[in-house]
Amino acid sequence: MQRNGGGVGVGGQTWVLRRVRLTWLSFMLFFILVFFPLIAHYYLTTIDEAGGPDKRIFGPRPGGELCEAKHVQDLCRIRESVSEELLQLEAKRQELNGEIARLNLRIEACKRSIDSAKQDLLQLKNVISQTEHSYKELMAQNQPKLSLPVRLLPDKDDPGLPPPKSSRSCRLRSCFDYARCPLTSGFPVYVYDTGSYPWGDYLDPLVKQAFAAAVKSNIYVTDNPSIACLYLVLVGEILESSPPPPPSELEKQLKALPYWRSDGHNHVLVHFSQKSMTQNFLYNVSTGRAAVAQSTFLERQYREGFDLVVSPLVHALSEPNFLEVPPQVPVKRKYLFTFQGERVESLRSSLQEAPPQSFEEELEGDPPADYDDRIIGTLKAVQDSHLDQVLVEFTCKNPKPSLPTEWALCGEREDRLKMLKESTFALVISPGDGQLVASAGCGMRLFEALEVGAIPVVLGDHSRLPYHQFIRWTEAAIIVPKPRVTELHFLMRSLSDNDVLAMRRQGRFLWETYFSTSENVLNTILASIRTSIQVPAAPIRDEPAQEIPHKAGKLAGTDANLADNGDLDLGPVETEPPYASPRFLRNFTYTAADTYRAWNRAPGPFHLFPHTPLDPVLPSEAKFLGSGTGFRPIGGGSGGSGKEFQAALGGNVPREQFTVVMLTYEREEVLMNSLERLNGLPYLNKVVVVWNSPKPPSEDLLWPDIGLPIVVVRTEKNSLNNRFLPWDVVETEAILSIDDDAHLRHDEIMFGFRVWREARDRIVGFPGRYHAWDVNHQSWLYNSNYSCELSMVLTGAAFFHKYYAYLYSYVMPQAIRDMVDEYINCEDIAMNFLVSHITRKPPIKVTSRWTFRCPGCPQALSHDDSHFHERHKCINFFVKVYGYMPLLYTQFRVDSVLFKTRLPHDKTKCFKFI
């Protein structure tokens, strides 16, 4: 027991001693590691400070004291040598770094050169491809290039024509000498002087004066009878106090005309009517091969396709005031329909003193059914039913003299117009005698109804309306046979507002274009004959440009901000001479094959245009099967994405270019910057700068060299209408109208051009605006706020067809251009009104741009507060002139096909940012 206990005690003491030693050892190590360095540091620091700066142990010593010893001197030399080597290495390193930087710059320059060379190579390939296409087209071309018709005049010697069987059987093929009117003759017309023939003294002076004024302004009239295609003779209207000569005497006087040539071929006898009771003194007169143009015809007198039914001459010398014409809306007026007239019972009373046998011939056969009594009873029943408010009166206090069996006009013209302004429809009842196929009285009713917007309802489908061979009257009037008079009320009630307004608008077009003035009536007579013999109209004139000489030579900038394309390649930049759009390719077809559209759509058949936006388009396969001249299909026809897309124009029409027309006024620096931004723009033909200031450009001004012609045009006066003049230097169909401070990227311009090629009849542009209805004032307001609907595209950055420049300058009512000059404003609104009026379509907006900002540009006129007030007035004034609001709303804009579309890695988008 003790042994065991003692053993345990010795072991415990040993373990305690070991632990004490370990503790002591740890304490000593801690002291040495912590306190000894502190003490040594304190001691050395104290010795160093006490010895002064010269006795410091660790500080620098002057005089190379450390190098006194030999081995220390060797170390110093080694140190100096190493320092020099290090300095040399550092210098070499900096030199190598500079060389590397220079090489990097050269590498970047080489990369840019390679990219530029690739771009040039691609453009050269495109040019070569286009040249090959052009060469193949020239080799395979089987259609001659057409241009403005070269005038071909007839021979002076007239060989004459074989006599027809009867003058009553005259048609153009048998009684008209086509040899005197070649297709390219220009349609020269000789007009006889009214004082040169005997009955000229009996003509109404007002009619003579109006006729002379219309002849003076006509472009076809010639003073040389030997080259004339047509000869005009004014034969009426005769004064009431002067009875016309007997038929036999009149025939002798006609044959005595110097160019009558025995039968009067290529002559037109014009008889204007100012009254409903006109003297048809040419009845029973043998006019030979001369055509007759007048308002009244009997069936046995009228030669279908040869004679002309013309409208009465209401406004002989006075111009109609378009602002007094009532608006076309509201659709429904006070009366559903109106009629005022008194029936002339006597069929035996004649217009003229003629042998009784002529009227016996007139009445041969079964007399026509007389529906007048049924018409009177039916219309009175409708009035008494009070289903609709109508006004019918069959007696007059003072009826106007009229033809037998015709309904006489009641009251004065002003009273009739006042009633028609309150009428939705106006009845025109044809004469009871079916052999009276045209009458001045019916023509007068038709004229007055169209003038104030009442839709004519013609009872009697046997009547010949004016120029019925060319005008489709069913688009402007309701023509029904008399037996349907019982259904007439139902028929008028069944028409929708859309149809009524369409007919009213078409009637307004016919009245303005063909009937409103003596000049229009004469032009329509000549156009009818010219169209019948298929001679093209005279080409519309271009505005001659007076160029301002300018110095070129300033290299166009290459700053990315000036030509921010957004794409590497937007298409081939033409290195060949500018390519003008083909002109007058449809000289004959526009007249012969497009007769309906020429006569029934604005602007009418009076002009030959070099090209129109409505020309027919070939089907897609035609360009690959023999009709591919000028076409550049995408990928040769196989299609493709961005790369193939940018290499060709594609589309549905042949290749073409566009012209930039830029209006400016004494902002030379802004203008120069804008011109520089056009450098390198594909498909650009030329730039036309319309210098709108009377002060010429600075003589020392250097214009940028953009590789294409820049034509500076001097204007006669400062007018915003100059923007839309059809300048003769504009040789392309496409015009990009752009302000001098508008900043467009090249890709935006190219996209707009491609979109316009698919919608050539519309304005395609960037800033959108709309017309808003002011409920409080019941009028229109111009609005530029952001909106989900728009109805206008500002022409400060827009594409349009040159066709509309002709219409704006020569066809659009002068009152609109006058207001643009008065306010120095609203020309863009006027162009939008015109295009929407012609096409009945809204413009097309492209990209997301709503406005333009030009940093550093002077403040424009549009920033003035009065600018918007003037535009409000312009819109409402234009509505009065047109008679309705032509603008239409649209709720979409156009972006490129692959915009925001995820593509495979081997495909590229059409445009990167559009």
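Values in this document were obtained by computation on a predicted structure and should not be read as measured data. (Residues numbered from 1 in each chain as written. Predicted model: local features only at pLDDT ≥ 70, side-chain atom pairs only at ≥ 80, totals over all residues. Heavy atoms only, no water.)

Caption draft 1: Quick look at the packing of aromatic side chains. With the rule as written, the count across this model stands at 38 aromatic pairs. Where Tyr467 meets Phe515, the ring centres are 6.1 Å apart and the plane angle is 15°; that geometry is what we call stacked. Taken together, the residues span a long stretch of sequence, with Tyr467 in the loop between strand E13 (455–459) and strand E14 (478–480) and Phe515 in helix H11 (residues 497–515) at a distance of 48 residues. Residue Phe515 is classed as buried on the basis of its relative accessible area, which comes to 2%. Grouping aromatic residues by their ring pairs yields a cluster made of Tyr467, Phe470, Trp473, Phe509, Tyr514, Phe515, Trp599 and Phe606. One Lys or Arg, Arg754, reaches over the ring of Phe645 and ends 3.9 Å from the middle of that ring. The residue whose ring lies beneath Arg871 is Tyr782, and the NZ or CZ to ring-centre distance is 4.3 Å. (Phe/Tyr/Trp six-rings, centres within 6.5 Å; stacked < 30°, edge-to-face > 60°. Helix = DSSP H or I, 4+ residues; strand = E, 2+ residues; numbered from the N terminus. Buried < 20%, exposed > 50% of the residue type's maximum accessible area, 1.4 Å probe, protein only. Lys NZ or Arg CZ within 6 Å of the ring centre and 35° of its normal.)

Caption draft 2: Representation of the sheet that holds strand E11 (residues 423–429) within the structure. If you walk across this open sheet you meet the five strands as E9-E7-E11-E13-E14, and the pairing is parallel. Two strands in the sheet have a free side with no partner beyond their single neighbour: strand E9 (391–393) and E14. Pairs of neighbouring strands in the sheet enclose a mean axial angle of 20°, with direction left out of account. As defined by bridge partners, strand E7 (residues 335–340) adjoins E9 across three bridges and the pair is classed as parallel. When the bridges of E9 are listed, Thr338 appears paired with Leu391. Sitting on the sheet, helix H9 (residues 440–452) is in contact with E7, E11 and E13, with an inclination near 170° to E11. (Pairing = 2+ DSSP bridges. Axes fitted to C-alpha atoms, helices over the stretch in contact; angles between N-to-C directions. Contact = heavy atoms within 4.5 Å.)

Caption draft 3: Examining the pattern of salt bridges more closely. Within this structure, the stated rule accounts for 39 salt bridges. Salt-bridge contacts for Glu487 lead to Arg484; the nearest nitrogen and oxygen are separated by 2.7 Å. The class for Glu487 is partly exposed, based on a relative accessible area of 38%. When the shortest N-O distance is used, the salt bridge between Arg541 and Glu543 registers 3.4 Å. Residue classification places Arg541 among the partly exposed residues on the basis of a relative accessible area of 48%. With a relative accessible area of 16%, Glu543 lands in the buried category. A network of salt bridges, in which partner residues are shared, links Arg343, Asp372, Asp373 and Lys482. (Salt bridge = Lys/Arg side-chain N within 4 Å of Asp/Glu carboxyl O.)

Caption draft 4: How the structure looks around the state of the cysteines. Scanning all chains against the criterion turns up four disulfides. A sulfur-sulfur distance of 1.9 Å marks the disulfide that ties Cys170 to Cys175. Taking the sign of the torsion about the S-S bond as the criterion, the disulfide between Cys170 and Cys175, at about -80°, is left-handed. Neither Cys170 nor Cys175 differs from the other in exposure class; each is buried. (Disulfide = S-S within 2.5 Å.)

Caption draft 5: A look at the sheet that holds strand E1 (residues 189–191). With parallel pairing, five strands are arranged side by side in an open sheet as E1-E2-E3-E4-E6. Every interior strand has two partners, whereas the edge strands, E1 and strand E6 (308–309), have only one. When strand E2 (residues 230–236) meets strand E3 (residues 267–271), the two strands line up parallel, connected through five bridges. Note on E3: the bridge partner recorded for Tyr231 is His267. Each of E1, E2, E3, strand E4 (291–294) and E6 is contacted by helix H12 (residues 518–532), which is oriented at about 135° to E2, the strand it contacts most.

Caption draft 6: How the structure looks around the side chain of Lys686. Within the secondary structure, Lys686 is located in strand E18 (residues 684–691). Classification of Lys686 as buried rests on a relative accessible area of 10%. One polar contact links the side chain of Lys686 to the main-chain carbonyl oxygen of Val729, over a distance of 2.9 Å. (Polar contact = N/O pair within 3.5 Å; in protein donor to acceptor, adjacent residues only side chain to side chain.)

Caption draft 7: Region of interest: the nonpolar core. Within the largest apolar cluster, 139 residues are counted, with the highest numbers of intra-cluster contacts made by Phe187, Phe515, Ile525 and Phe878. In terms of residue count, the dominant contributor to this core is helix H21 (residues 865–882) (seven residues). (Core = buried A, V, L, I, M, F, W, Y, C linked by side-chain atoms within 4.5 Å.)

Caption draft 8: Structural view of H9. For H9, which comprises 13 residues, the first-to-last C-alpha distance of 19 Å matches the rise-based estimate of 18 Å (1.5 Å per residue) to within 8%. Burial of H9 is extensive: 13 of the 13 residues sit out of reach of the surface. Count one or two residues on from H9 and you reach Gly453, which has phi positive near 85°. (Expected span 1.5 Å × (residues − 1).)

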